[in-house]
Structure formats: structure tokens, C-alpha cells
Amino acid sequence: DVDCREAGGMECSWKTVVLLVCASLGIQYTAIRSLRASLPSPCPGGDLCPHRDLKEYGWRSLCDDGIQPPGTSHFHGRNHIILFATTRSGSSFTGQLFNQHPDIFYLFEPLYHVQQAFTNSSTRLRKILDRRALLGAYRDLLHNLYNCDFYFLENYIKPEPRDHVTGSFFRRSSSSALCSHPVCKELPDTEEPDEIWCSKKCRTLNLTLAARACQKRGSMAIKTVRIPEIKDLKILSEDPRLNLKIVHLVRDPRGILASRMVAFMDQFRAWKIWNATGRRPHYIDLSQITRTCQDLSDSAETGFQKPSWLRGKYLLVRYEDLAKNPEEKAKEIYKFIGLEMDEKVRTWIMHNTNRSAIPEGNYKFSTTRNSKATAESWRLNLAFDIVQTVQTVCNNTLYLLGYKPVNSVTDLRNMSNSLVEPRNFLPFL
């Protein structure tokens, strides 16, 4: 630091920061790889192949004697889907369209564990790293999970699993596959998994059993709100072995903000006060909603430009369209991913989209609602001044995705006039 100050240049300071970032990432990556190599083999039979040749990604052969890790023998022909979204955009609701299919192994936000592992690192490191420093770890984990290698996830779960068993798997109950027999032995083989029952009874998760259950299903879907832009999925999309299908879920940013204000009250306290009193605080943090809208726009623009690496792999879905016509849009999604929509999915839609709307604050991840009423319900609760602020910040995003601005309180509250323009977002084939 003294040498930098004596050199007197911002250039030296900038280089120092870059070197620290690279060194820190290198140390973490090496440590994770070393830990990965020390884990017991994920191959069937366990001790049959203890000496492994660690390759670039976990789905390659990890056994010297030719025995394959979970999923490798089933890799070709499998459907791999990512539900790409942002926080409070209806992704929990949309994820159920995959979770209810008996041949889809669905995971709810497994990247949460990666984010937590990096967040819990040293304060100095957190200040240096930006959100994109996580992308390498995110992609590496996705590669391995799509091959049913759950042992790689142990690098991030805290406390560390013992004998591949953990009680800290994030939102395990949101995956019917992880709540079903034999992964959850407490559930009789003849009964259907229930999210509330699972959270109470299925206390620990055996990752070996999860890997085996994953192998037996022909498709895998993963929901994430932690990857900023579609471009960040380019490496995954270009891998011919993966054949990834990207379902890009978007929502009106005014609705996103209203939902975040309810679900994350501490983070949005100033917004809540503004909404309740009508008096704008002296300082209001616009950075989060600004960044959200920028990510929405950048990702949609990338999709609309139709790059070759997205050909046949990208579908944009507006939450509002799905909420108003859930079965019709679900059929479009299933046609895109190349699967038949199972009767269980239709039954779930019928039972879970026509009930009385549940206030989002009661259970922020609720997927049971009157979907038509919920889609634009923010218009009755959000102050006009806040709506105007979001419209100013997110003007390009609203226009790009087909959301109409409002110019008066009357327009805002008039629920007979939808703010969602008719648009037909066809898949890029």
C-alpha cells in the first residue's frame, strides 16, 4: 500500500484491486477443487472406484475403471431446463409447472448455497468481489447438478454434510422429487408428496439417494433468480451435451417492486414508509430496481437479437400472461421443452390458480392463488408517486416487454384496463 501511495497513481491502486480479486478467486477455486477431489466417489458402488481423474466438469468419467458418475449413462436424450428469472417475478409459481411433472426432477434455487458460501467469506473479500465473481461457481454447480452429481454441492452447504447427509438443503420441501419415496423414507410409496408435510417430516436429505432418484427421471429443471443476465448462460447453452432449454420469466417491474416491498420489509422500509405516508424520504435507494430493470432489458434484448447460441433454446414468458391463461401458456412451455404436459400438471393448475388471492406477506413463496387477480393486484396497493418513479427508471424495460405506463391515479386503479399489451413471444427456432 505504501508503494502504491508513493507511486501516487490510481493505476497502481486499480492493479492492486484486480490482483487481489484474481488471487482471492484463485484460492477459493483451488480450495473447492481440492475439496471436491477429497470427497468419496459419487459413482454407483462407492468404493468400486475410489481413484478418480478429476476432469473439467463433474459429468465426465470420475472412475478409473470406467464406472460412470450419477446420470452420465443417461445424459444423452435427457431434457435440461433452467427457469431463469429475477426475485419476486412469479418464479416459485412457474416452477410448479415443472415440479408437478412426474418425469422432471425439479430443484428450487440450489445456487442459494453458493451465494451463502461467498457471502459468509471475509468482509474484505466481499467488498472486493462484485456479483459476477459468483458466476463461475454458479455455472460449475449447474453443470454437475444437471448430471445428478449432488456431491459437488457439498462444497457449499453449511454445516458441511456428514456421510452425504444434510439437514440444511435450501427449500428441500419445494421439490416433490426430494420429498418422495425413497429419498424421503418417511413418506409411504403410495402417497403423493406434500410441501408442508415434507418440511416437517423429511428432516435430513441423503444426497446419494437424491442422486439416484435424479438418474431415474428423464428431465431436470432448475429455478434460479441468482444469475443476472441471459448472456451469463452462454457457456452452458453452447455445450452440446447439455442441450439446455432456457425459460426466461419476466414480470412488470412495478409489480416486482410491490412484491419485494411486502416480502422483504426490512430491505424496503423506506419504500414502505413512502407508500404508507405519501411522503418521499429524503433518500431512497433506486439502485436495486434500476439494476433489475437493466438486467431484464439486457436479457430480453439478447433473446430478441436471436444469437446462434440461443437457437431452439430460448423462450420468453411474461408472468402476467401465464397468470391469466395458465393452462394455455403451460402447454406452450411444454411444447418448447419437448415434453408432453402430464395430467398432474393440469390438475395442479386447476386446483391452484382459482383460489382466493393470498396476501403475499402471509407466505412469501406461496404458489396457491387466484392467478388472474394476482397478476396486476399491485395496482391497488402501490402509491402513484412510486409507480411514476419506477416508470422513469424502467421506461425502456416497460416498452420492450409490452407494459403500459400510467399517467394518473385513475389510470392506475382502473383494473378493467390491463397494463399488459397483447404480445406473442415465440420461441427462437
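Note that the structure is a prediction, hence the values are computed from the model and not measured.

K.L.:
Would you take a moment to explain the overall build of the protein for this structure?
P.N.:
Along the backbone of the protein there are 19 helices and 7 strands. Counting over 429 residues, the protein shows a buried share of 53%. Look at the contacts in the protein between residues 6 or more apart in sequence, and 72% of them connect residues 24 or more apart. Split by element, the accessible area of the protein, about 20,500 Å² in all, is 51% carbon and sulfur.

K.L.:
I tried to follow the environment of Leu207 on my own but got confused; where do I start?
P.N.:
Take Leu207: it is sitting in helix α8 (residues 207-215). With relative accessibility at 0%, the residue Leu207 sits in the buried group. As a C-alpha pair, Leu207 and Pro161 span 46 residues in sequence and 9.0 Å in three-dimensional space. In contact with Leu207, not counting residues within four places along its chain, are Phe150, Tyr151, Glu154, Pro161, His164, Thr166 and Phe169.

K.L.:
Got a minute to help me understand the pairing of strand β6 (residues 244-250) in this structure?
P.N.:
For a regular strand, side chains alternate in direction, first toward one face of the sheet and then toward the other. Burial runs high along β6: 7 of the 7 residues are buried. Across 5 bridges, the pairing between β6 and strand β7 (residues 314-318) is parallel. Of the residues in β7, the one forming a bridge with His248 is Leu316.

K.L.:
What's the story with the packing of helix α11 (residues 269-277) against helix α17 (residues 384-393) in this structure? I'm lost.
P.N.:
When two helices pack together, their arrangement is captured by the angle between the axes and the distance separating the axes. At a minimum axis distance of 8 Å, the contact between α11 and α17 shows a crossing angle of 130°. Of the possible angle classes, the one that applies to α11 and α17 is oblique. Residues Trp271, Trp274 and Asn275 of α11 touch α17, and the partners they reach there are Asp385, Ile386 and Thr389. Among the residues making up the contact of α11 with α17, the classes are represented as 3 nonpolar, 2 polar and 1 charged.

K.L.:
I would appreciate a short explanation of the side chain of Asn352 in the present structure.
P.N.:
Position of Asn352 relative to the elements: it lies in helix α15 (residues 343-352). Classification of Asn352 by relative accessible area gives buried; the value is 10%. At a separation of 2.8 Å, a polar atom in the side chain of Asn352 contacts the main-chain carbonyl oxygen of Trp348.

K.L.:
Just to check I follow, could you spell out helix α4 (residues 112-119) for this structure?
P.N.:
Every buried residue of α4 is listed here: His113, Val114 and Phe118. Axial view of α4: buried residues confined to an arc of 130°, hence all on one face.

K.L.:
It is not clear to me how the pairing of strand β1 (residues 79-84) should be interpreted in this structure. Could you clarify?
P.N.:
Counting buried positions over the 6 residues of β1 gives 6, a clear majority of the element. The side-chain alternation of β1 yields two buried faces, one formed by Asn79, Ile81 and Leu83 and the other by His80, Ile82 and Phe84. Note that β1 and strand β5 (residues 219-224) share 6 bridges and pair parallel. Looking at the pairing, Phe84 lines up with Thr224 of β5.

Conventions used here
Residues numbered from 1 in each chain as written. Predicted model: local features only at pLDDT ≥ 70, side-chain atom pairs only at ≥ 80, totals over all residues. Heavy atoms only, no water. Helix = DSSP H or I, 4+ residues; strand = E, 2+ residues; numbered from the N terminus. Buried < 20%, exposed > 50% of the residue type's maximum accessible area, 1.4 Å probe, protein only. Contact = heavy atoms within 4.5 Å. Areas by Shrake-Rupley, 256 points an atom, 1.4 Å probe, with all protein chains shown as cover. Pairing = 2+ DSSP bridges. Axes fitted to C-alpha atoms, helices over the stretch in contact; angles between N-to-C directions. Parallel < 35°, antiparallel > 145°, perpendicular 65-115°, else oblique. Nonpolar A, V, L, I, M, F, W, Y, C, P; charged D, E, K, R; others polar. Polar contact = N/O pair within 3.5 Å; in protein donor to acceptor, adjacent residues only side chain to side chain. Arc of directions from axis to C-beta.

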